[in-house]
Structures are given as structure tokens and as C-alpha cells.
Amino acid sequence: ILSFCNSIVCCNVWTPFDTMVCGTKDASLMICSLSRGSVTYDINMKKVLQEKFNEIDLDNFVLKKILITPSWGFILTCIDAIKKKNGKVVHILPLFNINGNLIRTKEIDFVVSSWSCEKGFDYVLFSDDNGKLFMFEAFYLDVSRPFYRCQTQIISVKYIVEEMIVIAVSKDGRVFFVPYI
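Describing the packing of aromatic side chains
Phase 1 of the analysis: In this structure the tally under the stated criterion is nine aromatic pairs.
Phase 2 of the analysis: With centroids separated by 5.0 Å and ring planes inclined at 85°, the aromatic side chains of Phe139 and Tyr140 adopt a geometry described as edge-to-face.
Phase 3 of the analysis: Site record: aromatic cluster; members linked through ring pairs are Phe110, Phe126, Phe134 and Phe136.
Phase 4 of the analysis: Lying over the aromatic face of Phe139, Arg104 brings its terminal NZ or CZ to 4.5 Å of the ring centre.

Following this line, the structure appears as C-alpha cells:
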């Protein structure tokens with residue numbers, strides 16, 4: 001797939017939607033068709049976020065993660081940016097539909113270390129860099145309080161729908177099984 005953009009820094013593939021989404025170093029979000037091998041939508045993230053975040057230095061932000069939700073095909077991205085006034089790093093979660101239209105954004109005050117979204121519903125499970133676990137409906141981006149604290153950095157999370165349990169694997173090798181209804 002030819003992009004004519006800078007190098008790819010993050011990517012996610014969801015074959016049921018015939019879609020691959022790539023984030024580039026120069027802040028492009030490319031939504032690609034796997035079967036056609038072409039870019040369907042090329043989103044200039046700077047332009048999209050400019051209207052919402054005028055206090056952010058849009059020349060120096062980094063796309064960190066991309067997640068495609070399995071039911072509705074929402075595209076959740078995670079961006080690290082710098083505030084112009086104080087130089088503080090902020091973390092932003094922009095949410096797009098499968099056609100590349102921005103639905104909403106959410107600013108959070110922590111680093112997303114890992115995330116997942118399971119087939120059957122569009123709830124996102126993620127952990128921050130301190131081992132706190134969060135679950136929220138992707139469409140609303142209603143990230144609020146953590147439902148569990150692992151007290152160690154988490155590198156992988158998964159929700160087992162049938163068992164209603166969260167599995168979190170820590171950097172130091174521990175595995176947490178946390179009931180979540």
C-alpha cells in the first residue's frame with residue numbers, strides 16, 4: 001500500500017471490516033482496504049484536532065496506539081501531545097467512525113499502556129502506566145474511575161466475555177484475574 005506519507009508508527013488490522021488503520025510519523029491516519037490494497041481515507045490529524053485543541057502544540061504530537069472496535073468498527077487512537085503554555089504532556093483519545101469522521105475526543109491525564117476490545121460489544125478495556133484498569137463504552141469515551149488497581153505496570157489486558165473476567169499481565173510476570181460484570 002503506497003501512502004506517500006512518513007513512516008508508520010502504529011497500526012491495527014480488523015479483517016471482518018477488510019480494514020487496516022495506520023498512523024504515521026507526520027500525523028496522518030490512513031484507513032486502508034485490505035482486499036484492494038489501497039488507502040480509502042487519509043486523515044490529517046493536525047487539521048482534525050486543530051478545531052478542538054488550540055492549546056496543544058500540533059506540530060509535535062505523536063500517534064501512540066490504534067484500536068478498531070469489533071462491532072461498529074470505531075477507530076480509537078491515542079495521542080501524546082504538549083500543551084503550548086506549560087509544556088506539559090497530555091494524552092488525547094480521538095474516536096473516529098470507520099469512514100474516518102471524528103466522533104469525539106477525550107483528554108486523559110495518564111498514559112495508556114495496553115488496551116483491547118472484544119468481539120460482541122464495543123467496550124474498551126485498558127490499563128494505565130500505574131496498573132489501573134479501566135473499562136468504558138467506546139462510542140461515549142466515558143473514561144472515569146478505574147475498577148481495579150494492579151499496583152504494577154500492565155503490558156497486556158483481555159476481557160473474556162463468557163467468563164466475565166479481565167486478565168491482566170504485568171511487566172514483572174504476574175497475571176491478574178479480575179471479575180468484571
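Thoughts on the nonpolar core
Phase 1 of the analysis: Membership of the largest hydrophobic core comes to 21 residues, with the highest contact counts inside it found for Leu29, Met45, Phe61 and Ile79.
Phase 2 of the analysis: Among the elements of the structure, strand S3 (28-33), helix H1 (45-50), strand S5 (62-68), strand S6 (75-82) and strand S7 (89-96) are those that each provide at least two residues to this core.
Phase 3 of the analysis: Setting aside anything within four residues of it in sequence, one finds Ile79 in contact with Met45, Leu49, Phe61, Val62, Leu63, Val90, His91, Ile92 and Pro94.
Phase 4 of the analysis: One finds Leu76, Leu93, Ile108 and Val143 within the second-largest nonpolar core, a separate group that totals 18 residues.

Looking at the sheet that holds strand S14 (residues 165-170)
Phase 1 of the analysis: Pairing within the open sheet is antiparallel, and its three strands lie in the order S13-S14-S15. The sheet terminates laterally at strand S13 (154-160) and strand S15 (175-179), the two strands that pair on one side only. Here the average twist between neighbouring strands, direction ignored, is 20°.
Phase 2 of the analysis: As defined by bridge partners, S14 adjoins S15 across five bridges and the pair is classed as antiparallel. Within S15, the position partnered with Val166 by the bridge is Val178.

Calculation notes
Residues numbered from 1 in each chain as written. Predicted model: local features only at pLDDT ≥ 70, side-chain atom pairs only at ≥ 80, totals over all residues. Heavy atoms only, no water. Phe/Tyr/Trp six-rings, centres within 6.5 Å; stacked < 30°, edge-to-face > 60°. Lys NZ or Arg CZ within 6 Å of the ring centre and 35° of its normal. Core = buried A, V, L, I, M, F, W, Y, C linked by side-chain atoms within 4.5 Å. Buried < 20%, exposed > 50% of the residue type's maximum accessible area, 1.4 Å probe, protein only. Helix = DSSP H or I, 4+ residues; strand = E, 2+ residues; numbered from the N terminus. Contact = heavy atoms within 4.5 Å. Pairing = 2+ DSSP bridges. Axes fitted to C-alpha atoms, helices over the stretch in contact; angles between N-to-C directions.

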